[in-house]
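# Summary of the model geometry
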Amino acid sequence: MHSINIIQPDDWHIHLRDDRALEITVALAEQSFARVLAMPNLVPPLTTVPSILSYRSRILASAKNAHFNPYFALYFTGELNANTLREAKHCPWILGVKWYPQGATTHSDWGIQDIHQHFEHLALMEELALPLLIHGEVTDSTIDIFDREARFIGNILNPLQQRFPKLPIVLEHITTRQAVDWVKSMPAHIAATITVHHLAFNRNHLLAGGLRPDYYCLPILKQQDHQQALQEAVMTSGQTHFFLGTDSAPHVQDKKYSACGCAGCFTSPIALALLAELFYEHKALSLLETFSSINGARFYQLPLNQQQVHLIQKEWMVPHHYTVDGLTFIPLLAGQTLSWQCQSIKGINHE
Ligand code: DOR
Ligand code: ZN
């Protein structure tokens, strides 16, 4: 039986939601991850430092593990101001500002449509070295949904990066070869998160042989060639630009499986197991730690975790659902058997 010990991973992009859902989302996140970066697309969105601190207390009230450490990004709205940016920079739990192009995804109605109107904030963020986290898709309804990320990079992101060359940027949940190539061509303060589902699946999983809402997320799963580009990016030794952000995004069952189902793959419970399986199949297990536990911490200038996780090749079945207080969430791959699992967490010391 194969196994590997790695530094405990972090999830640098997760949706924990709020209220009753926290009981499930926080329990699952802390089973696998030491730190998470929780996204601010709540209703209403998290636009101020006090609103983030109060969300942090709600999350910690649900956590069982005293070492679980949630971080955050401010939601970039038209109301953002210089004081809030300065306050955010001084808050140890806030790692950046998240830009959702308006209409791009779930709860993005408060987002920024025309970033050119907000260049003064980007200039200040560049001065403060406060990262801009980007949902990188154009929202023009005439642009094909499969082309939206590539168009965003060419038309918006590249000019933006040239205008603010020192601004730290995380291009979130990248899905295309164009994104991989662009990020690789950039200096170290430009990085990207990659999800487990975009590494493991492509649009055939969503669309071929039946429409499967579980696999519907944004940015949408792309062709196999793009999936391979993501795999190559994380399974090449020496790469530092790419790190794990699961974008685990649970939606209640009724909203996910409806005539107009919500975007989001609920992957927290399977993320590490599926990653181990994937890296093992590609004979790249030795590179898993860099992607899941090192590159993200380095980018955000945080220490590596002290604990280790033990991943072993042993079958288990993904639960059919998680239910709390009348809310039911179905995880991706519900009822299916995975061949790896995360077994234990032990303390280690890094020099
Ligand atoms: O699939 C997605 N779901 N993509 C996002 O960008 C947001 C997320 C959510 O919050 O449900
Ligand atoms: Zn997200």
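Below, the structure is looked at part by part. Just so it is clear, the structure is predicted and the values come from calculations on it, not from any experiment.

## Here we look at the coordination of the zinc ion (ligand 2)
- Protein coordination at the zinc ion (ligand 2): the donors are His 13 (NE2), His 15 (NE2) and Asp 247 (OD), at 2.0 to 2.1 Å from the metal.
- The motif formed by the donor residues of the zinc ion (ligand 2), counted along the single chain, is H-x1-H-x231-D. On the criterion of sequence distance, the pair formed by His 15 in the loop between β2 (11-14) and α1 (22-32) and Asp 247 in the loop between β9 (242-244) and α10 (253-256) is long-range, its members being 232 residues apart. Taken as a pair, His 15 and Asp 247 share a single burial class, namely buried.

## Regarding the site of ligand 1
- Neighbouring ligand 1 are 14 residues; Arg 17, Asn 41, Thr 105, Leu 218 and His 251 lie closest to it.
- The separation between an oxygen atom of ligand 1 and a polar side-chain atom of Thr 106 is 3.1 Å.
- At 3.2 Å, a side-chain N or O of His 135 approaches an oxygen atom of ligand 1.
- In isolation ligand 1 has 290 Å² of accessible area, and contact with the protein removes 99% of it.
- Residues that form the shell around ligand 1 fall into these classes: four nonpolar, eight polar and two charged.

## Section: the nonpolar core
- Ranked by size, the top nonpolar core spans 95 residues in total, and within it Leu 16, Phe 76 and Phe 279 carry the most contacts.
- Considering every element that reaches this core, the biggest residue donor is helix α11 (residues 271-281), with eight residues.
- Apart from residues lying up to four places away in sequence, Phe 76 is in contact with Val 97, Lys 98, Trp 99, Trp 110, Gly 111, Ile 112, Ile 115, His 118, His 121, Leu 122, Met 125 and Leu 132.
- Counting 15 residues, the second largest nonpolar core, distinct from the first, contains Leu 37, Tyr 75, Ala 191 and Phe 243.

## A closer look at the packing of aromatic side chains
- Enumeration over the complete set of coordinates arrives at 16 aromatic pairs.
- Ring centres of Phe 266 and Tyr 322 lie 5.9 Å apart, and the angle between their planes is 70°; on these two criteria the pair is classed as edge-to-face. Taken together, the residues span a long stretch of sequence, with Phe 266 in the loop between α10 and α11 and Tyr 322 in strand β12 (residues 322-324) at a distance of 56 residues. For the pair formed by Phe 266 and Tyr 322, the shared burial category is buried.
- Between Phe 279 and Phe 291, the ring centres sit 6.2 Å apart and the planes meet at 20°, which makes this aromatic pair stacked.

So, how was this worked out
- Residues numbered from 1 in each chain as written.
- Chains lettered and ligands numbered in written order.
- Predicted model: local features only at pLDDT ≥ 70, side-chain atom pairs only at ≥ 80, totals over all residues.
- Heavy atoms only, no water.
- Donors = N, O, S within 2.8 Å, 3.2 Å for Na, K, Ca; no water.
- Helix = DSSP H or I, 4+ residues; strand = E, 2+ residues; numbered from the N terminus.
- Buried < 20%, exposed > 50% of the residue type's maximum accessible area, 1.4 Å probe, protein only.
- Near = heavy atom within 4 Å.
- Polar contact = N/O pair within 3.5 Å; in protein donor to acceptor, adjacent residues only side chain to side chain.
- Areas by Shrake-Rupley, 256 points an atom, 1.4 Å probe, with all protein chains shown as cover.
- Nonpolar A, V, L, I, M, F, W, Y, C, P; charged D, E, K, R; others polar.
- Core = buried A, V, L, I, M, F, W, Y, C linked by side-chain atoms within 4.5 Å.
- Contact = heavy atoms within 4.5 Å.
- Phe/Tyr/Trp six-rings, centres within 6.5 Å; stacked < 30°, edge-to-face > 60°.

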